[in-house]
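Structural description and commentary
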Amino acid sequence: MENGLCEVLGSKGLLKKHEFIRILVQCLYSLGFKNSASCLEIESNISYKSADYEFLEKQVLSGDWDSCVAVLDRIFDHSKDDTRNTAVYLVFKQCLLEYLKRGDVSLALNVLRKQAPMLRMGKEKIHRLACDIVYSKEMESGEVDSCLVQDLRKTLLVELEKLIPLPIVIPERRLEHLVETAVMDQIDTCLYHNSWGAVSLYKDHCCGRDQIPSETVQILMAHKNEVWFVQFSNSGKYLATASSDCTAIIWKVLDDNKVELKHTLESHQNPVSFVSWSPDDTKLLTCGNAEVLKLWDVDTGVLRHTFGNNNTGFTVSSCAWFPDSTRLVCGSSDPERGIVMWDTDGNEIKAWRGTRIPKVVDLAVTPDGESMITVFSDKEIRILNLETKVERVISEEQPITSLSISGDGKFFIVNLSCQEIHLWDLAGEWKQPLKFSGHRQSKYVIRSCFGGLDSSFIASGSEDSQVYIWNLKNAKPLEVLSGHSMTVNCVSWNPKNPRMLASASDDQTIRIWGPGKPVF
């Protein structure tokens, strides 16, 4: 019998001592410290298993099915309880399986006739039960395997544990769950948390700015004019930049996180305003400002294809890949050109044109390839499900300059010229967006991105020459990074390294940001 039922623990007096000890004993058993667990049970006179459950366990493992049903009736105390009927059904099923396995068909039939009314099952369910047992994999061999029978009985106990109410049983690994929940609550309130590793239980969890990229670790100066766009590859092993010097550059990210030039892509006649990596990182698209779209081989730096040409007037404003890395879609700033889907050989697969397709400001495809998000005519966002053709429209009150989608495809952000970033959910469950502010944007195209552990952060460029970082839980900036001397046009967070960020600026440089110094 349990002692000290009224005793409590903790400074707030919220923890019942006997429950706390039961959970401790359970934890010791689950960790394999059986002797320690047994000693604690003896010393405290508190058993991890209740008397009813111990009795049930004994009857299940010995195959005393009538006693099993009797103890379940006592536990549930109501013959019409659906959960009780489910538990009795599982016992009943195991009983029949063992009888049939031994060849006791007549005994199995007698059990069916006797027990079925107790379960309130119709003939159809009884027939289905019989078929499930007869054709189960456990019935394939004609020999009775005692080890298999014991394993099945132990499995039955696990299933019954899920049905039996508290406090007769304790949920599996209860102490681990409670501690993990407490740790997760601390992590959820930690604005700097940005790592996958285990956290210490010796102190309350709290990260510092050394967990996020907040210090310049390298400055790239290969471009000869303003740098308008920057994007890490999907593997995080490469970086691409686009500049008003009419070139794009592919950079290699080394093992020590240093970045070195791999290829300079020279073919555009106009400034390069946008790049997009294929999901497999073997190809790169570059968009010339009011110009054409070009496809490059990442490994060799060779131009593979040019989509459209200046003579036809197809000017690309943005582009995106589908997950198979063989199809791409691009939007035009010319309303008559609309949106076009191509394969990598330049064959047009599909097009969206007409009066319903105004000029495209920006677009993105979700990582699963199911939806396309498009910003039209400055203030309108359309989300098109490419399979069902269902379209949802979101209208913003201020002009939108750019769009970015989260790595899991569940959220997207848009930069507005009113100096706000709006976060929307793709599923359409939110009536209003989450809003982030603090940066400066009024005249130029400024691009932001998701980043960090589980896309928990947003980073953005700014017209005041700084980089801004927010935690999704807070509308105000978490960090403001100084270093650039002119407008920061675009930022990109390494998808595989949550502590690596790149920024592109009108000062003709790209800055690589790494973890800041810890504050003691």
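What you see is a predicted model, and the numbers here were worked out from it, not measured in a lab. (Residues numbered from 1 in each chain as written. Predicted model: local features only at pLDDT ≥ 70, side-chain atom pairs only at ≥ 80, totals over all residues. Heavy atoms only, no water.)

1. Thoughts on the overall build of the chain
Counting its regular elements, the chain contains 9 helices and 30 strands. Taken over the C-alpha trace, the chain has a radius of gyration of 32 Å; the compact-globule value for 520 residues is 24 Å, which it surpasses by more than 25%. In terms of principal-axis extent, the alpha carbons of the chain reach across some 85 × 55 × 45 Å. For the chain, with 520 residues in total, the buried portion stands at 48%. Within the chain, residue pairs in contact and separated by at least 24 positions form 47% of the contacts whose partners lie at least 6 positions apart. Taken as a whole, the chain presents about 26,100 Å² of accessible surface, with 51% of it coming from carbon and sulfur. (Helix = DSSP H or I, 4+ residues; strand = E, 2+ residues; numbered from the N terminus. Rg over C-alpha atoms; globule rule 2.2 N^0.38 Å. Buried < 20%, exposed > 50% of the residue type's maximum accessible area, 1.4 Å probe, protein only. Contact = heavy atoms within 4.5 Å. Areas by Shrake-Rupley, 256 points an atom, 1.4 Å probe, with all protein chains shown as cover.)

2. Remarks on the side chain of E57
On the secondary structure map, E57 appears in helix α3 (residues 51-62). Polar side-chain contacts of E57 include one of 2.9 Å to the side chain of K49. (Polar contact = N/O pair within 3.5 Å; in protein donor to acceptor, adjacent residues only side chain to side chain.)

3. As for unusual backbone geometry
In this model, L166 is joined to P167 through a cis peptide bond whose omega is 0 degrees. Residue position: P167 is located in the loop between α8 (146-163) and α9 (174-188). Non-glycine residue S455 carries a positive phi angle of around 55 degrees. Counting through the fold element by element, S455 comes out in the loop between β24 (448-451) and β25 (457-460). You can call S455 buried: its relative accessible area is 18%.

4. Points about the UniProt feature "repeat: WD" (unreviewed entry) in the chain
The feature "repeat: WD" (unreviewed entry), as annotated in UniProt, sits at residues 220-261, 265-306, 454-480 and 481-513 in this numbering. Between the C-alpha atoms that bound residues 454-480 there is a distance of 21 Å. The span itself is 0% helix and 41% strand. A helix fraction of 0% and a strand fraction of 48% characterise residues 481-513, whose end C-alpha atoms lie 9 Å from each other. (UniProt positions renumbered as here; feature names shortened; annotations may be inferred.)

5. Some words on the sheet that holds strand β15 (residues 348-352)
Read from one edge of the open sheet, 4 strands run β12-β13-β14-β15, paired in antiparallel fashion. The open sheet has two edge strands, β12 (316-321) and β15, and neither has a second partner. For this sheet, the mean angle separating the axes of adjacent strands, direction not counted, is 20 degrees. Looking at chain direction, strand β14 (residues 339-343) and β15 are connected through 4 bridges and run antiparallel. Residue M341 lies in a different strand from β15, and its bridge partner there is K350. (Pairing = 2+ DSSP bridges. Axes fitted to C-alpha atoms, helices over the stretch in contact; angles between N-to-C directions.)

6. Brief notes about the pairing of strand β17 (residues 371-376)
Of all 6 residues making up β17, 6 are buried, and the element is well covered by its neighbours. By the bridge criterion, 5 bridges tie strand β16 (residues 360-365) to β17 in an arrangement that is antiparallel. The partner of V360 across the bridge, within β17, is F376. Hairpin connection between β16 and β17: a loop of 5 residues separates the two successive antiparallel strands, and G369 in this loop has a positive phi of roughly 75 degrees. In the sheet, β17 pairs with strand β18 (residues 380-385) via 6 bridges, with the strands oriented antiparallel. Among the inter-strand pairings, I373 is bridged to a residue of β18, identified as I383. Linkage of β17 to β18, two consecutive antiparallel strands, is achieved through a turn of 3 residues, within which S377 is found at a positive phi near 45 degrees.

7. Observations regarding the layout of surface pockets
Its volume calculated, the largest pocket comes out at about 1,200 Å³. Q231, N234, I405, S406 and G407 are the residues nearest the centre of the largest pocket, which is lined by 44 residues in total. Among the secondary structure elements, those contributing two or more residues to the lining of the largest pocket are β4 (227-232), β8 (272-277), β12, β16, β20 (400-405), β24 and β28 (488-493). Residue composition of the lining of the largest pocket, by class: 25 nonpolar, 14 polar and 5 charged. (1 Å grid on protein atoms, 1.4 Å probe; cavity = no way out; pocket = protein on both sides within 12 Å on 5 of 7 lines; lining within 4 Å. Points joined across faces, edges and corners; volume = space filled by probe spheres on them. Nonpolar A, V, L, I, M, F, W, Y, C, P; charged D, E, K, R; others polar.)

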